[in-house]
Every structure is written in C-alpha cells, then in structure tokens.
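Secondary and tertiary structure notes
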Amino acid sequence: MLNFAIRGLLKSMEYNFLDIEKRWQKFWKDNKTFAVKENANKQKYYVLDMFPYPSGAGLHVGHPLGYIASDIFARYKRLKGFNVLHPMGYDSFGLPTEQYAIETGIHPELATKENTERYRKQLDQLGFSFDWERQVQTSDPSYYKWTQWIFANLFDSYYCQRQDKAVPISHLVNCFSEQGNTDLNAYCDADTPRFTSEDWSNFSKHQKEDVLQKYRLAFLSDTWVNWCETLGTVLANDEVKDGVSERGGFPVEQRLMKQWSLRITAFAERLLAGLETIQWSDSIKEMQRNWIGKSEGVSLFFKTEKNDCEIEVFTTRPDTVFGVNFLVLAPEHDLVRALTVDNKKDEVKAYISSVKLKSERDRQVEKNITGVFIGSYAIHPFTKEKIQIWISDYVLAGYGTGAVMAVPCGDQRDWDFANHFDIEIINIFKDIDVSKEANEDKNVEITNSDFLNNLNAKEAIKEAIKKIETNGIGKRKVNYRLRDAVFSRQRYWGEPFPIYYQDDIPYTLAETEQVTLPKIDKYLPTSTGEPPLARANKNDWNIFKGDRMETNVMPGWAGSSWYFLRYMDPKNDNAFCSKEKSDYWNQVDLYIGGAEHAVGHLLYSRFWTKFLYDKGLISFDEPFKRLINQGMILGRSNFVYRINQTNTFVTFEKSTDYKTTKLYVDINIVDNDILDLNQFKQSKEEYKDAEFILNEDGNYKCGYETEKMSKSKYNIQTPDALVEKFGADTLRLYEMFLGPLEQFKPWDTKGINGVHNFLRKFWRLVHDSENKFFVSEEKPDANSLKTLHKTIKKIDEDIARYSFNTVVSTLMICINELSDQKCINKEIISDFTILLSPYAPHIAEEIWNKLGNETSISFAKFPVYNEMYLKEDDINYPVSFNGKMRFNIILSSESSKEEIEKAIMNYEKTAHYLQGKEPKKIIVVPKRIVNIVF
RNA sequence: GCGGGUAUGGCGGAAUUGGUAGACGCGCUAGACUUAGGAUCUAGUGCCGCAAGGCGUGGGGGUUCGACUCCCUUUACCCGCACCA
C-alpha cells in the first residue's frame, strides 16, 4: 500500500502539467506577454480566427482546432521575428441568445456576459497567445456604433460605374439637379425612371427620396419573404419545411415586405475578379463564383400585341431565337396583371395565389409542370409572328428579368413545358431529332433561322447579338445570379439601425448620435406583427427622432463583416479604425475558420472591405489574403441495441439475431466500446432493471458511428476533462496530430496517450531519477546536431504549407533520436525547446526557464537551419531491379555514376536478382536510387 | 444535373518536385522489471507464404527505367449549388 502511494507521488512529481500550465498562464496574463503594439521597425503579421458565437453550451473539442493551429502559427511567426497581431473576440449578437431570452425572460446581454465568461475560461486553459487587450464584441455599443456608422455610409453612397467605385450620394444629387439621370452611368434598380434636371427640381421630397432609394447602397425595398404570422417573423429558407415553420410547424406564406437591403450586386464583378488575387481554397472560390453566378448574354425586348408594353427577357442563347414560339413570365412579374385577358383573370389569379403558398425551396423541389396561358400575345422580333405569353413557377422572379423566351427545341425545361401543354416544338437544329428531348449541345448546325442558317452556336451567338443591337431590339448584357442582400431582421438581439422616419422618409442620425438597444418588456413581436423593438415607447429609446425609429435590427453578419479591422484599433472613439493603424496591420495574412461561412460571411466582408476601400478609409480591397478552412472534428457515437418490446439489451455482435432498436448511449459510460453496465442502469430510470445479453468475453459491446458532435447524440467531448487529465499541451499536440487541418476527421481519444508520452519522454530526458533538471554544458556531438538541424528544416517546410500534423511527428522523431543518443546537451535542448514551444508552450516555458532564461520563450529566436550538419559521407542507395527494390548498398556520396554501377555489379546479391540475364540499362540517380533494367 | 473534394495496414495518418509505400502515433504479439499494471523498457507487426518469393495505395487501362504521385476511364462517399433562362 505504502509502495503504491509513493509511486503515485513520484509519478505526479515527474511532469506536473497541471501546476506548470496554471503557472505560465498566470505569467502571460500578469506580464501581458502577448499585448502587441504597432512597430514600424518590425514586419507585421496578422493571424486571425473566425471569432466564435458564444453559445450556452460552451466549447467542445472541435472548436479549438482552428484556434490551436492559428496559435501555433502566430507563435511561430513571433519566434521568426514578426510583430504578430493575434486577437480574439465574440460575435455575440444572435438568435440562440434571443430565443433563450424569450424562454426565460433573461436579458440577452446578461446571458451573453455569462457565455463569454465561460468561453474565456475555456480558451484560457488552452494557453492561447491572444492579445486580449484588443478583444471586440459585436454586441457592445462601443463596437456596434461603428457597424451603424458603416451602414449610414452605405446609405449615403451610390455606385458610380464610370469610376467603378462607391461615391457619396451628394454627387448624385448634384448630377440630378444639373442634368437629371438620363446620361448617368450609375448603378441602380432596373425600374428607375428617366428624368431631367427640371423634373428633379419639380419632384416632391418623397419623390426625390424614392429616386435616391434606387441608387443608395443601403436602401429600402419590397422583398419577398417567408412570413410566419404566428411567430411574427420572417424565416430563412431552411427554417421552412413543407410550407410550415420548422420550429412549431406554423403556416408560412410569401409576403412582400419593406426591408433594408444592401446593394452588393453593384460589386458583383469586383467580387468575382478579386478572387484571383487571394489564396483561398479552390472549393471556396468556386462556391463564391457560383453564388455570384455571372452569365453573359443579351437582353431582348418582345413587343406585345395589344398593349404598348415590352417584355424584356434575358438569354445566353440568342442563337436559338428562331426557335422561340412562346414566352414564360414568372407569376410575380409586374406585367402579368396588364397582359392577362379578361376571361383568363380568374384562372391566373388562382394560379398566382397557389404559387404564393409555396416557398422558394418548395418551388424548386416541385417537379410537376404547371402554368397558365394568360391570353395575350407577344410579337417575335424577327419573324413578327404572334407568340403566346404564359406564366409558370419554373421561371423565377428574382433571376434575370423574371421572363424567359421559351425555346422548346433547345432547352429541356422549355421542352418539358411545351410537351406538357401541347405547344408546337420548332426545330432549328440541322439533322437533330428533338421529338424526344431538347438539344442542349452547342456543337450543331443551325437551320430554319434566316440569317443564322448554317452557323454553329458560337458564330450564331455573335451574329444574333450584332443583329439584335443594330435593330435596336435588345442589348448585350452580363447577368449575375447574386442578389442584393436583405439587411433587416424582425428581431431584438442585433444592431439597431441609425435610422428614424419623418413623414415616412428615412433619415440617418447625426454622426454624434448613437442609438442603442432600448429595453423592452418581452422579446417577441407585437400583437400587430411589428418587430420586438416596436414595443419600446418613445422614452425607452435613448434617442428618438422624427415620427418613429426604425424597429428592425441588422442581421448577424453585419458585425462580423468588418471586425478584423476593429482589432487593429479596438478602443478608438473617433473612427472605426485609424488609417494609420490599418495601413500598418493591413490585410489579414492568415485567416482560419470553418467552411460553413464560405459564401455568407466571407462574401459580405469582402463587399464591406471594397466599400471602405472606395471611401479611402483603408488601403486594401480584399480582407483575407490567405484562408484556411479547418475540417470538422466528428464525434464517435455509441449505441446499444434493445430487443423490441423488452428491456433487454443485446451486445453488438449478436444484435442482428434479434429485432432491435438502436439507441444512443452516452459515450461517458462507454470505454473502448465496452459499456459500463452499472452506470448504464443508473443513467435513466427506464434502464434501472435492464437485462443484458453479453458477448463471449462477458462484455456488452456497443456499436459506433462517426458523426457530427451534438448534445442529442450524446457524443460530445469537451476539452475540459482532457485538459485536466493530460494537460493543455497534450491536447494541443493531439488535435494537430489527428491529421491534416483541412480534413474532416473523427475524434478518438485512444491515441492521446501517445502524444502525452512524447512530452513525458522529453521531460525525462532532461530530468534525473529524482526529477532534478539536468543538462550538460559540453559541446554538442555531430549526431545530435544532425538530428536537430534535420528537425529545424522539416519544421520550417511543414509550417510553410500549414502541415501541422507532420510537425508533431517530426518533433517526436527528434526526441526519439535525442533519447537514443542520450543527448542532454544544453544548446540542443534549448533549440529543441524553441521548436516545440508553439505547440506545447507551457512545458516549453518551464524548460526554458530551467535552462536559465528569465524572459518568456515566446520571443526567443527560432533556430536557423544549417546545411553543414546534414552532410553525409555515405549514401545508403536503394537498388531496384526492374523497378522493384531489392537491397540497399552503402556507397560514398562522392562516387561517380560509373563507380556506383561497378560497385553494384560486383555486389554479391546482384547476380541473384539478375537471374543470369544481362542488364539492358542501369539508371543511377545520384544520392537517390539505382534501378537496373534487364 | 453542375462544381469542388476524398479514397493508402486492424485504426488516425506519412510519403513536399515521379525515385526505398506504410514515417510518427494508436492498437496488437512476445519478452524484461514487478505482489500487481491501463507504468516503464526491449523486440516484432501491410497481406499471402515454412521459405524462396509473390501481391499490395477504391476498380480498369495508359505514359515511364521507375507511378499513391502524371494522363484516360470507372466506382463509392463527403461538401456546395441548382427549374439560373
């Protein structure tokens, strides 16, 4: 017994990570080790993490993965002499907290405070080198003041297409009063009316503002939304399932609502082009390209038979224009009402309301072909023939012009539609059968098409556009799928708009005024369906101007679109960030975060950055130079198998012999897939009397599956328990050791002992049996120098390609070799400690300190690789026969090709592998390999 | 349907420009020290085979003296987008 106690004590004396880690975390905090200042003499490096939303659930082992990688990189860059900006903060506005407030009545601000404090504790225990002096929090009024400020700037700007940049709206007003808008090249809504300077001066202030709204980069517009009456809110597409809200199952309808939008579409081309200048993964760039969805074609006008209106269609295939024999409009199209003939009105009305009940997603899933002929006709611009006008939900109001020229022979959807409604299919393709399906192949000759006959698609497109433009019936046009970003949320926990209304005209508050979130009694919409902020009375607002304040709030991505700039100058009261500071810190050099933000956050921040650049407020127009998306860490869920209608659970091996139900079991009561039966019985009342059918070893073996970590799957691994058991250094190393940063990988704690042993092995190398630190002052021997420099070289190379997992193995190999060499040389150990420090900073500080250093290892000098130490006198050549490696032979590195050939031909084993044949060819790659072909 | 990615031992993974496939770690096997081991140390460990040898990077084909790596083709899985005119 006594023996046991002493052993336990000795073991804890060995490498006492708990004590070491606590001590150094305190040291860093007390000494503000990682607080950073601008320093013109030092080269800057900016390493950023996607800041977390502080949820109530806290961190699981997947969260810190990216933070560990970025921290390693930041620490590495510091050792390399860079002035490193490595901040952290919280994206603290958001729905879950608001939902929690609705349920409990607890103010989101309070819940947010608790959550951020817990996050901070969990982050601190992992030893990150964040500069917490620079923390930002999007829900903090001193932060969102500037989010509001940027919004107000967007409101006061329009996009000038001549200068190709955002310009103050006051310029536009000047143009209007001097020359109207007829000769203006400014980005605006398609339905903007043309007016002269005289018109402008005669406009009422409402009319003037209506016009300006068509140009402003932040503007009010009627937008189709998924409105849920019962919840009193607008829902995102994925919150709607089968026409009802996912939460609660309440009915949802399409409704036109006045909402703030941001004119991101004005930046579409630049957002596309900018992708060429940044180092992001191909998949993310491709997703953004997809999202922007550029297509080049022509917009073509079809006159209508009776009315004097024209229908504009967009097409990428003007070459097929002679195949057009009907038009299809989106049911929501503006002209539908005017073009519907009297005896079709009821049918059209019924169709439109049936479409309105379907969400956009439903419409996409729907495969039934529906539509209505609205009774009137358009005139084909070339053949002058009468063609029918239809409406159908396969045409989307939000894409292109909301109308298509139907070419049934050349477009499968048009073909299906024509086929379904028995409309004629005109064939314009030579020797192609279109009676079974449309021909979408462009490599065919066109016929039956007047001036386009005998051309292929490519030539015909060119010709068609030429003719369309000279005839004045249309224009070359670039179309984007990207839509303007809806910027209003009918919620409470978000940034209030710096907007008030007077006579229903929106005005921004003065720059000196900041509106903050008013206190309200409940976090729910009003009984009339107004957003929660409408509950605030006039004197609940810190500022109240005009007739009413804006009661929507901004969306979650508002604050995160520019936070990387605020870190540069987090306490500035006079600007969102001084130009001086943003000039110094400049772009984010390395940005690490999850791929789930591929298009949302990453596109919007690019947009805001370009806007701020246009305004001359920053001097770069792409925010994140290099982006890395860390892969998700998946959980490993365990299952038990209950035999149906019984309380008996059968072990995995025998589960197929019975009819069973597979149930999740908490991974905390399972060890190596073996279930702890007692704990299982205690875990739930219904399991109290559970019976078991065990396997041959007398154990209950659980099934397992690898899937996303979530509470409901009982497979959450928190870092806390692991830090306590193995220490933060071990956890950091282990998360990196799991595999490539960008890959998805299952979490499994089995291997964690391995990296823990590595740290202990290092500790034991420099401590004697009494756990006394000991290194030798002698000159290092050649072998150890070789080991060290091999390691330095590989680490430099690996970090340069963000291969963090291989660095861990390299460090392990280094310690294995130094241990074999019994190397406790002070110089070698010092350098190794520095190499290790970005990964395991606590143990590194401890050893560094014991080595006699008084300052933190964080600013030590990264050892420099010296080729000299790796020189080899002998090379161990692998010798292959017909490409198959047979044996190794040690030869001098100085040997010539001839000498190598000779040595090998004389080698005893060679004859055996030649099987009596003569070699045809001997390939010698110096210092690499020898291959004998026979 | 379109776009992007992945596939290597029992497991996580390594192999950077075509040059010894399986580094490193887990697990497993045997042994040592131990009253004990979920500690430590030593040796072994891709598969088949007693061996010689053969086979091996999802499948098939090709280029090459030599292919996990390059080309063609195919399968499975993951991610994103989609009646996009």
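Since we're looking at a predicted model, the values are computed, not measured.

The description of an aromatic ring pair rests on the distance of the ring centres and on the angle between the ring planes. Taken as a whole and assessed by the stated rule, the structure comprises 68 aromatic pairs. Both rings, one in F680 and one in F692, keep their centres 5.9 Å apart while their planes meet at 65 degrees; by these two values the pair is edge-to-face. Of the two residues, F680 sits in helix α21 (residues 677-683) while F692 sits in strand β28 (residues 691-693), which places them twelve residues apart along the sequence. F692 shares its class with F680; the two are buried. One aromatic cluster in this structure is built from F151, F155, W260, F487, F497, W557, Y604 and W608. One Lys or Arg, R75, reaches over the ring of W28 and ends 4.9 Å from the middle of that ring. Cation over ring: R606 sits above W280, and NZ or CZ is 5.9 Å from the ring centre.

Okay, the protein's contact with RNA strand B next. Inspection of the region around RNA strand B gives 55 residues, with E286, T316, Y399, R413 and L738 positioned closest. Considering RNA strand B, the proportion of its atoms within 4 Å of the protein that are sugar or phosphate atoms stands at 61%. In this structure, R801 approaches RNA strand B through a side-chain N or O atom, which is 2.9 Å from a phosphate oxygen. At 2.9 Å from a phosphate oxygen of RNA strand B is found a side-chain nitrogen or oxygen belonging to N805. When residues in the surface near RNA strand B are grouped by element, the largest group, six residues, is from helix α26 (residues 804-820). Of the residues that constitute the surface near RNA strand B, the class distribution is 19 nonpolar, 17 polar and 19 charged.

Here we come to the sheet that holds strand β17 (residues 485-486). Read across the open sheet, the four strands follow the order β6-β5-β9-β17; overall the sheet is antiparallel. Two strands in the sheet have a free side with no partner beyond their single neighbour: β6 (233-235) and β17. Bridge count for strand β5 (residues 218-228) against strand β9 (residues 253-262) is ten bridges, and the pairing is antiparallel. Bridging from a neighbouring strand, A218 pairs with L262 of β9. The strands touched by helix α6 (residues 141-155) within the sheet are β5 and β9, with β9 carrying the most contacts at an inclination of about 95 degrees.

Another point: the packing of helix α23 (residues 728-737) against α26. Packing of α23 against α26 leaves a shortest axis separation of 7 Å and a crossing angle of 120 degrees. The angle between α23 and α26 falls in the class oblique. Every residue of α26 that contacts α23 at L733, M736 and F737 is listed here: F804, N805, V808, S809 and M812. Its residues assigned to classes, the contact of α23 with α26 comprises six nonpolar, two polar and no charged.

The rules behind each value
- Residues numbered from 1 in each chain as written.
- Chains lettered and ligands numbered in written order.
- Predicted model: local features only at pLDDT ≥ 70, side-chain atom pairs only at ≥ 80, totals over all residues.
- Heavy atoms only, no water.
- Phe/Tyr/Trp six-rings, centres within 6.5 Å; stacked < 30°, edge-to-face > 60°.
- Helix = DSSP H or I, 4+ residues; strand = E, 2+ residues; numbered from the N terminus.
- Buried < 20%, exposed > 50% of the residue type's maximum accessible area, 1.4 Å probe, protein only.
- Lys NZ or Arg CZ within 6 Å of the ring centre and 35° of its normal.
- Near = heavy atom within 4 Å.
- Polar contact = N/O pair within 3.5 Å; in protein donor to acceptor, adjacent residues only side chain to side chain.
- Nonpolar A, V, L, I, M, F, W, Y, C, P; charged D, E, K, R; others polar.
- Pairing = 2+ DSSP bridges.
- Contact = heavy atoms within 4.5 Å.
- Axes fitted to C-alpha atoms, helices over the stretch in contact; angles between N-to-C directions.
- Parallel < 35°, antiparallel > 145°, perpendicular 65-115°, else oblique.

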